[in-house]
Amino acid sequence: MDLKAYLERIGLTAPEPPSLSALRELHNHHLLSIPFESLSIHIGEKIILDPALIFNKIVLRRRGGFCYENNGLFLWVLQELGYNPKVLSGRVQTRMPGIYGPTFDHLILTVELEGRRWLCDVGFGEGIRFPFPLEDRWEEEQEGCIFRLRVDGEEWHLEKRENEGWRSLFKFTLEERRFKDFQGMCEFHQTSPYSFFVCKTFCSLQLPRGRVTYMGHRLIKTEFTSGEDRVKNTQILTEEEIPNVLKETFGIVLNGKLEIKDEDHLLPPTE
């Protein structure tokens, strides 16, 4: 795999020695360049947790991916650059508050720098924009969104401020995992009716103070304005318009026919 090609994919020219500023730049550029998407599942393209295959898809074929792919690629990049990242398992909160997916539901990373541990996550559609200090009750605004970490026993919750309250995005422990440990849940999220990714054909990309998302027959553009205000515009798409939207908005050209889905999904089984 070619680190230079990855850096070009995210709009950077040369790697810098490990530092917090360099990590923030990598993290942000990845999110602004590489979509969070489920399209492979809906063109019959198998997702395998093989770093070389993920690199080929995201970097050479200029696609995106879900958490195992985006954070799996970022894991390799950080290793190559000398950051010594650690892999953790997260459990995403479902549409029912307080109900979370199973272990290995979400892959996240941590890095130790400048005497602190930092949470990194480039594989969650509405998540953090920059590395986040791993400290209980740390609260921070990032590009118009306010996040905080909260500890409950051995579990950490990443929360997002919404409507003057806090919504848990996912929870995790600090137990170190291996990349290959996520293969079972990677298969689950490609095949199970409990999986959001199976039920939704989507592609989402972070923008400076905003986000653009294709889902089903909709293109949704969200601008983060002052405070917690949002301006959202939704365009209804015909099936014929979708390939051009993917190309023009996300730089994606698919090599198979897309099955369009935008269905409600069942609550996943819990432990």
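See above for the structure.
These numbers were taken from a predicted model, which means no experiment stands behind them.

**Q** Looking at this structure, I do not really get the pattern of salt bridges. What am I missing?
**A** Any two side chains of opposite charge can pair, given that their charged atoms come close. All chains considered together, the criterion is met by 17 salt bridges. Residue Glu45 pairs with Arg61 through a salt bridge whose shortest N-O separation is 2.5 Å. Taken together, the residues Glu45 in the loop between strand 1 (36–37) and helix 3 (51–60) and Arg61 in the loop between helix 3 and helix 4 (67–80) connect sequence positions 16 residues apart. Take Arg61: its relative accessible area is 33%, and that puts it in the partly exposed class. Each of the salt bridges in this network shares a partner with another, and the network as a whole consists of Glu37, Glu45, Arg61 and Arg63.

**Q** What is the right way to look at helix 4 in this model?
**A** Compared with the 20 Å implied by 1.5 Å per residue over 14 residues, the 19 Å span of helix 4 between its first and last C-alpha is a close match. Most of helix 4 sits inside the fold, with 12 of its 14 residues counted as buried. Listing the buried residues of helix 4 in full gives Cys67, Tyr68, Glu69, Asn70, Asn71, Gly72, Leu73, Phe74, Leu75, Trp76, Val77 and Leu78. Just beyond helix 4, the residue with positive phi is Gly82, at close to 90 degrees.

**Q** What exactly am I supposed to notice about the pairing of strand 2 (residues 86–92) here?
**A** Every other side chain in a regular strand lies on the same face of the sheet, so the side chains alternate between the two faces. Of all seven residues in strand 2, five are buried, a share of seventy percent or more. Note that strand 2 and strand 3 (residues 106–113) share five bridges and pair antiparallel. Its bridge partner being in strand 3, Leu88 is matched across the sheet by Ile108.

**Q** How should the sheet that holds strand 2 be read in this particular structure?
**A** What links the strands of a sheet is backbone hydrogen bonding, and the strands pair in either a parallel or an antiparallel sense. Taken in spatial order, the eight strands line up as 5-4-3-2-9-8-7-6 in an open sheet, and their pairing is antiparallel. Both outer strands of the open sheet, strand 5 (132–133) and strand 6 (139–142), are each paired with one neighbouring strand and no more. Against the sheet, helix 4 makes contact with strand 2, strand 3 and strand 4 (116–120), and its axis sits at roughly 25 degrees relative to strand 3, the strand it touches most.

**Q** Got a minute to help me understand the sheet that holds strand 13 (residues 230–236) in this structure?
**A** Read from one edge to the other, the open sheet built from five strands follows the order 1-10-11-12-13, with strand pairing classed as antiparallel. Two strands bound the open sheet, and with one partner strand each, they are strand 1 and strand 13. With six bridges joining them, strand 11 (residues 210–215) and strand 12 (residues 218–224) adopt antiparallel strand pairing. Within strand 12, the position partnered with Arg211 by the bridge is Thr222. Most of the contacts of helix 7 (residues 242–250) go to strand 11, to which it runs at about 155 degrees, and overall it touches strand 10 (202–207), strand 11 and strand 12.

**Q** Help me understand the packing of aromatic side chains, please; the structure alone is not making it clear to me.
**A** Any two aromatic rings considered together are summarised by their centre-to-centre distance and by the angle between their planes. Within this structure, the stated rule accounts for 13 aromatic pairs. Ring plane angle 50 degrees and centroid distance 6.0 Å describe the contact between Tyr68 and Phe182, whose orientation is recorded as tilted. Placement of the pair is Tyr68 in helix 4 and Phe182 in the loop between strand 9 (165–172) and helix 5 (183–191), with a sequence separation of 114 residues. Neither residue differs from the other here; Tyr68 and Phe182 are each classed as buried.

**Q** Hey, could you run me through unusual backbone geometry in this one?
**A** For residues besides glycine, phi is generally negative; the peptide bonds are generally trans as well. Positioned with a positive phi, Arg62 is a non-glycine residue whose angle comes to about 60 degrees. For Arg62, a relative accessible area of 41% corresponds to the partly exposed category. The phi torsion at Phe104 lies on the positive side, around 70 degrees, for a residue other than glycine. Topologically, Phe104 is positioned in the loop between strand 2 and strand 3. Classification of Phe104 by relative accessible area gives buried; the value is 18%.

**Q** Help me understand the state of the cysteines in this model?
**A** A covalent bond between the sulfur atoms of two cysteines is referred to as a disulfide. Overall, the coordinates contain zero disulfides when judged by the stated rule. Sulfur of Cys186: no disulfide; nearest cysteine sulfur belongs to Cys67 and is 8.2 Å away. You can see Cys203 has no disulfide; the closest cysteine sulfur is in Cys67, sitting 15 Å from it.

**Q** Is there a simple way to explain the nonpolar core in this structure?
**A** As a rule of thumb, soluble globular proteins bury nonpolar side chains together. Residues Tyr6, Leu26, Tyr68, Leu73, Phe74 and Tyr83 are the most contacted members of the largest nonpolar core, which totals 49 residues. Counting only elements with at least two residues in this core, the list comes to helix 1 (3–9), helix 2 (20–33), helix 3, helix 4, strand 3, strand 4, helix 5 and helix 6 (196–199). Per element, the largest residue contribution to this core is eight residues, and it comes from helix 4. Not counting residues up to four positions away in its chain, the partners in contact with Tyr6 are Leu26, His30, Ile34, Phe55, Val59, Leu73, Phe74 and Val77. The next biggest cluster of nonpolar side chains, apart from the first, holds 16 residues, and it includes Leu88, Ile128, Trp156 and Phe172.

What counts, and at which threshold
Residues numbered from 1 in each chain as written. Predicted model: local features only at pLDDT ≥ 70, side-chain atom pairs only at ≥ 80, totals over all residues. Heavy atoms only, no water. Salt bridge = Lys/Arg side-chain N within 4 Å of Asp/Glu carboxyl O. Helix = DSSP H or I, 4+ residues; strand = E, 2+ residues; numbered from the N terminus. Buried < 20%, exposed > 50% of the residue type's maximum accessible area, 1.4 Å probe, protein only. Expected span 1.5 Å × (residues − 1). Pairing = 2+ DSSP bridges. Contact = heavy atoms within 4.5 Å. Axes fitted to C-alpha atoms, helices over the stretch in contact; angles between N-to-C directions. Phe/Tyr/Trp six-rings, centres within 6.5 Å; stacked < 30°, edge-to-face > 60°. Disulfide = S-S within 2.5 Å. Core = buried A, V, L, I, M, F, W, Y, C linked by side-chain atoms within 4.5 Å.

Any functional reading would require information that these geometric values do not contain.
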